[in-house]
Amino acid sequence: ILEKPGMRSRVVYTVFVIQSFCYHWTTPLQDTIAPLLDGYQIGLGIGDNESACWCLNSRSHHLFYVGRALDSIQKELEASISVFTQLKQDESLLHCIGLLTTMKKLRGIDDEAGDEILDSILATAASNRDSFLSAAVNSMKLEV
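Below, the structure is looked at part by part. (Residues numbered from 1 in each chain as written. Predicted model: local features only at pLDDT ≥ 70, side-chain atom pairs only at ≥ 80, totals over all residues. Heavy atoms only, no water.)

Further remarks concern the packing of helix α1 (residues 11-21) against helix α3 (residues 49-65). Orientation of α1 relative to α3, taken along the N-to-C sense of each, is 20 degrees, at an axis distance of 8 Å. When the interaxial angle is binned, α1 and α3 end up roughly parallel. Of the two elements, α1 crosses α3, and the hand of that crossing is left-handed. Together, V12, Y13, V15, F16, Q19 and S20 of α1 and S51, A52, W54, C55, S58 and H62 of α3 make up the contact between the two elements. (Axes fitted to C-alpha atoms, helices over the stretch in contact; angles between N-to-C directions. Helix = DSSP H or I, 4+ residues; strand = E, 2+ residues; numbered from the N terminus. Parallel < 35°, antiparallel > 145°, perpendicular 65-115°, else oblique. Left-handed = near helix turned anticlockwise from the far one by under 90°. Contact = heavy atoms within 4.5 Å.)

What follows is the structure in structure tokens.
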């Protein structure tokens, strides 16, 4: 279906949905990391920055859940924050900041500031009625 004319713009969103919500039920989560990076790169290439950033954000969370070293995830998250900021993708930015804050708390870096950041993101989620962001931050709070 995605090979049909005019469907190229849906490729990145399809990669995001399939890799983030479907494949991990039947394959190891590790197997979603490379396709999500590919989705991000394709999205940037065709100008679908929003879906590209969703792929990058999902990949960041998957790196955490597959047990990568926290310091390497932290470096990737810091790079992703720069991308989200540059592309003005605020939703992905907030999710990434929440995950980065969790990484820092798990590593013993900036514990008190981390609590304030997570609480601030929760307040933003509440004011925007963003239950997905709220759930993501609350699950990160459970990790620490």
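With that settled, the discussion passes to the packing of aromatic side chains. Considering all chains together, one arrives at 5 aromatic pairs under this definition. For the ring pair F16 and F21, a centre distance of 5.6 Å and an interplane angle of 85 degrees mean the geometry is edge-to-face. Judged by its relative accessible area of 42%, F21 falls in the partly exposed class. Ring centres of F64 and Y65 lie 5.2 Å apart, and the angle between their planes is 65 degrees; this geometry places the pair in the edge-to-face category. Residue F64 is classed as buried on the basis of its relative accessible area of 12%. A relative accessible area of 43% means that Y65 is categorised as partly exposed. Among the aromatic residues, those joined into a cluster by ring pairs are Y13, F16, F21 and W54. (Phe/Tyr/Trp six-rings, centres within 6.5 Å; stacked < 30°, edge-to-face > 60°. Buried < 20%, exposed > 50% of the residue type's maximum accessible area, 1.4 Å probe, protein only.)

In this fold, L106 is placed in helix α5 (residues 90-106). Note on L106: relative accessible area 35%, which makes it partly exposed.

Looking now at the layout of surface pockets. Estimated volume of the largest pocket: approximately 440 Å³. F21, N57, S58, H61 and F132 are, among the 19 residues lining the largest pocket, the residues nearest its centre. Counting only elements with at least two residues in the lining of the largest pocket, the list comes to α1, α3, α5 and α7 (131-143). Of all the elements, α3 adds the most residues to the lining of the largest pocket, at 6 residues. By residue class, the composition of the lining of the largest pocket is 9 nonpolar, 9 polar and 1 charged. (1 Å grid on protein atoms, 1.4 Å probe; cavity = no way out; pocket = protein on both sides within 12 Å on 5 of 7 lines; lining within 4 Å. Points joined across faces, edges and corners; volume = space filled by probe spheres on them. Nonpolar A, V, L, I, M, F, W, Y, C, P; charged D, E, K, R; others polar.)

A separate point is the side chain of N57. Structurally, N57 can be placed in helix α3. You can call N57 buried: its relative accessible area is 9%. In this view, N57 contacts F84, S92, H95 and C96; residues no more than four positions away in its chain are not counted.

Two cysteines whose sulfur atoms are joined by a covalent bond form what is called a disulfide. According to the stated counting rule, one finds 0 disulfides in the structure shown. Looking at the unpaired C53, the closest cysteine sulfur is the one in C55, lying at 9.3 Å. No disulfide involves C96; its sulfur sits 9.8 Å from that of C53, the nearest cysteine. Given a relative accessible area of 0%, C96 falls into the buried group. (Disulfide = S-S within 2.5 Å.)

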